Amino acid sequence: MNRFRQRGSECGPAVSSGRLVRGVVGAAVLGLAACYPAPVDPVGLPPTPPSFVRVPYVQQVTDSSASALWMSQPGSVDTAWYRVPEVDSTWTRAVVADHRYGTRRADFGSLPAASTVEYVVSAGGTRAGPHPFRTAPSEGTAGEDVRVLLFGDSGWGGPAQLELARQMQRDDWDLSIHVGDIAYNDGSEEDFTERHFRVYVPTLASTPFYPAVGNHDIRADGGQSYDGAFLWPEPFPGARYFAFRWGRIQFVSIDTSSMTDDVDGLRNGTGRQLDWLRGVLREASADSAVDWIITFQHHPMYSHAVGISGHGLDRSLRANLLPLFERYGVDLVTAGHDHHYERTWPIRDGRRVDDGCGPVHVLSGGGGASRYARDITNTTLLATAQRVYQYVELTVGADRIQGRTIDRGGQVVDEFSVRRYDGTTEGLPGRCSR
Ligand SMILES: [Fe+2]
C-alpha cells in the first residue's frame, strides 16, 4: 500500500544526456518527474509479517552487547530471545522495553567479542528470525579486515534504491554507516518505515547501522521519527552526533543538519558539538590502539558539484572542521547531500598531497534519490566524480582501507586505497614534508 504524498523536493534543473538544461524551459521540455519522489514500488519486496510495522533490525553493537529494535502493532505482546551458538545453543530471553516514539527494543548483554549472535523477536505471535550478526572485536584488537557498507541519500523509494538494496544484501558486512537523507521526503514515521526499513530488511537484520542525520530526515516532526528509529551512543541527551570504536577504528558521526545551537556552532566555530568533536579526535589521535579515524556527516566539505542552491561544498563547515580533521589525522571523511559520487586525492591545507599525508574525502550521495543535474567541476583535487547511483564497500585492514564503489547493476565504478594519515600533532614524517 502506498500512502505517500507527491511533493516537490529540493531538486534542480533536469538534465538530458549529461547536458545541463536550466530553468523553466528545461523543466517543461523534460517534465518534472525527475524532481519528485517516485512512489514506493513494492514489487520484489516481501510483505511485512502481521503484527510487525517494522521487522527487527540490529543496533549499537559493541564487543559485549547489542540491541534489536522493531515496531509492532499497538497492543502487541512482544518477546525477544538470543544466543551465541558457538558458546551455548540455549536461547536466553531478553528484556523487551519501549525505545522511543513507538519503537520497541531488546538488549543483549554479556556477549563475547568478535562472535556470531542469533536473535529472534516475536510480536503478537508472529516470529521474525533467527537473524545472525557479529559482535565487534575488542577495542584495540587487530583482527580480520572490517567490512563497512557506506551509502547515503537513499530513501527515495524508486527502482534505483531497490536495485542497490539487492546488491547490498548479496554481501556480508560488519557494519554500515549512512551519510544522511535516509527517508525522503520529510523523515516521517511512514517515510522511515516504507523507504528505509522495508527496503533493506535482510541487510538491517544482520548489520549494525549507524546514521548521520540528513536535512530530509528531520523535516516532518523535528526529528522524533528519526530519534525513534535508531539507537546510538549519545554523548549528551538528545545529541544526534556520536562516536564509537570498532576494533582499531574510531568512527565519528557528525550532525550537520539539526536546527540546534550545537549544529549552528559547527558553522560559526563555537559550541558543544565542536568541543566534543575536538576532544574525540584529540583522544583518538593520541591513542596507540586506534589505527584509523573515519568520519561521516551529511553536508560535504569537498564537493565539486555546482548549480543547485543549498548544495555543493559547505564553506563554513570546511573552515571549522577541516583544521581539526587534518590536525588529528582523520583518514577518511565521508559525506552525502549531493546526489552523485566523488572521491578526492588526499588533501591537506587545500592542496593535493601524497598518500598518507592528508585525509581522503568521499562523497557517496548516489544511494537512490534522484540524481541532480549539475556540472561537476574538475579540479586537481578530484580523483573521480561520477553521476551514478552507488554505494561504497570499505575493507579496513591493518595498513590500508580498500574502497570499491558499486553501481545499481553491481559493476565496480571506482576502486581506491587509503593509506594511514597520522595528522600533524606529532609532526609529519619526512615523506609528507613540503
Ligand atoms: Fe540532503
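Everything that follows concerns the structure shown earlier in this document.
For clarity, every value in this text was computed on a predicted model and none was experimentally measured. (Residues numbered from 1 in each chain as written. Predicted model: local features only at pLDDT ≥ 70, side-chain atom pairs only at ≥ 80, totals over all residues. Heavy atoms only, no water.)

### Examining the packing of helix α7 (residues 272-286) against helix α8 (residues 315-328)
If you want to describe how two helices pack, look at the angle between their axes and the distance between the axes.
Piece 1. Running from N to C, α7 and α8 point in directions that differ by 15 degrees, and their axes come no closer than 9 Å. Taken together, the axis directions place α7 and α8 in an arrangement best described as roughly parallel. Of the two elements, α7 crosses α8, and the hand of that crossing is right-handed. Between α7 and α8, the contacting residues are Leu274, Leu277, Arg278, Leu281, Arg282 and Ser285 on the first element and Asn320, Leu321, Leu324, Phe325 and Tyr328 on the second.
Piece 2. Within the contact of α7 with α8, the residues separate by chemical class into seven nonpolar, two polar and two charged. (Axes fitted to C-alpha atoms, helices over the stretch in contact; angles between N-to-C directions. Helix = DSSP H or I, 4+ residues; strand = E, 2+ residues; numbered from the N terminus. Parallel < 35°, antiparallel > 145°, perpendicular 65-115°, else oblique. Left-handed = near helix turned anticlockwise from the far one by under 90°. Contact = heavy atoms within 4.5 Å. Nonpolar A, V, L, I, M, F, W, Y, C, P; charged D, E, K, R; others polar.)

### Let's talk about the layout of surface pockets
Piece 1. Estimates place the volume of the largest pocket at around 510 Å³.
Piece 2. Sorting the residues of the lining of the largest pocket by element identifies β10 (126-134), β11 (146-151) and α4 (201-206) as the ones contributing at least two each.
Piece 3. Mapping the lining of the largest pocket onto the domain boundaries places at least three of its residues in each of domain 1 (52-134) and domain 2 (146-432). (1 Å grid on protein atoms, 1.4 Å probe; cavity = no way out; pocket = protein on both sides within 12 Å on 5 of 7 lines; lining within 4 Å. Points joined across faces, edges and corners; volume = space filled by probe spheres on them. Domains from an automatic or database assignment.)

### Quick notes on the sheet that holds strand β22 (residues 360-364)
Piece 1. The strand order β14-β15-β16-β18-β22-β19-β24 describes an open sheet built from seven strands, whose pairing is mixed. The sheet is open, and its two borders are formed by β14 (242-246) and β24 (382-386), each paired with just one other strand. With strand direction ignored, the average angle separating the axes of adjacent strands in the sheet is 15 degrees.
Piece 2. Sheet topology note: the β14/strand β15 (residues 249-253) ladder contains five bridges and is antiparallel. Within β15, the residue paired with Phe244 across the bridge is Phe251.
Piece 3. Where α7 meets the sheet, its contacts fall on β14, β15 and β16 (292-296), and the angle it forms with β15 comes to roughly 170 degrees. (Pairing = 2+ DSSP bridges.)

### Notes on the pattern of salt bridges
Piece 1. Applying the stated criterion across every chain, the model contains 19 salt bridges.
Piece 2. Put simply, Arg198 and Glu194 hold a salt bridge, and the shortest N to O gap is 3.2 Å.
Piece 3. A relative accessible area of 15% means that Arg198 is categorised as buried.
Piece 4. Taking the shortest distance from any N to any O, the salt bridge between Arg245 and Asp287 comes out at 3.1 Å. Highlighted residues: Arg245 in strand β14 and Asp287 in the loop between α7 and β16, separated in sequence by 42 residues. (Salt bridge = Lys/Arg side-chain N within 4 Å of Asp/Glu carboxyl O. Buried < 20%, exposed > 50% of the residue type's maximum accessible area, 1.4 Å probe, protein only.)

### Describing the side chain of Glu194
Piece 1. With respect to the secondary-structure elements, Glu194 resides in helix α3 (residues 189-197).
Piece 2. Side chain to side chain, Glu194 and Arg198 meet in a polar contact 3.2 Å long. (Polar contact = N/O pair within 3.5 Å; in protein donor to acceptor, adjacent residues only side chain to side chain.)

### Some points on the sheet that holds strand β4 (residues 66-72)
Piece 1. Across the sheet, which stays open at both edges, the four strands sit in the order β3-β4-β8-β7 with antiparallel pairing between neighbours. With one partner strand each, in any of the chains shown, β3 (52-59) and β7 (96-98) form the two edges of the open sheet. On average, each strand axis in the sheet is tilted by 25 degrees relative to the strand beside it, whichever way the strands run.
Piece 2. Pairing between β4 and strand β8 (residues 104-108): five bridges, direction antiparallel. Looking at the pairing, Ala68 lines up with Ala106 of β8.
Piece 3. Packed onto the sheet, α3 meets β3 and β4 and runs at close to 65 degrees relative to β3.

### Considerations on the packing of aromatic side chains
Piece 1. For the structure on display, the rule yields 22 aromatic pairs.
Piece 2. Between the aromatic rings of Tyr57 and Phe197, the centroid separation amounts to 4.3 Å while the plane-to-plane angle is 35 degrees, which identifies the pairing as tilted. Of the two residues, Tyr57 sits in strand β3 while Phe197 sits in helix α3, which places them 140 residues apart along the sequence.
Piece 3. For Tyr57, a relative accessible area of 2% puts it in the buried group.
Piece 4. With 5.7 Å between their ring centres and 40 degrees between their planes, Phe108 and Tyr119 make a pair best called tilted. With Phe108 in strand β8 and Tyr119 in strand β9 (residues 116-123), this pair connects stretches of sequence that are eleven residues apart. The burial state of Phe108 is the same as that of Tyr119; both residues are buried.
Piece 5. Taking the ring centre of Trp232 as reference, the NZ or CZ of Arg100 above it sits at 5.3 Å. (Phe/Tyr/Trp six-rings, centres within 6.5 Å; stacked < 30°, edge-to-face > 60°. Lys NZ or Arg CZ within 6 Å of the ring centre and 35° of its normal.)

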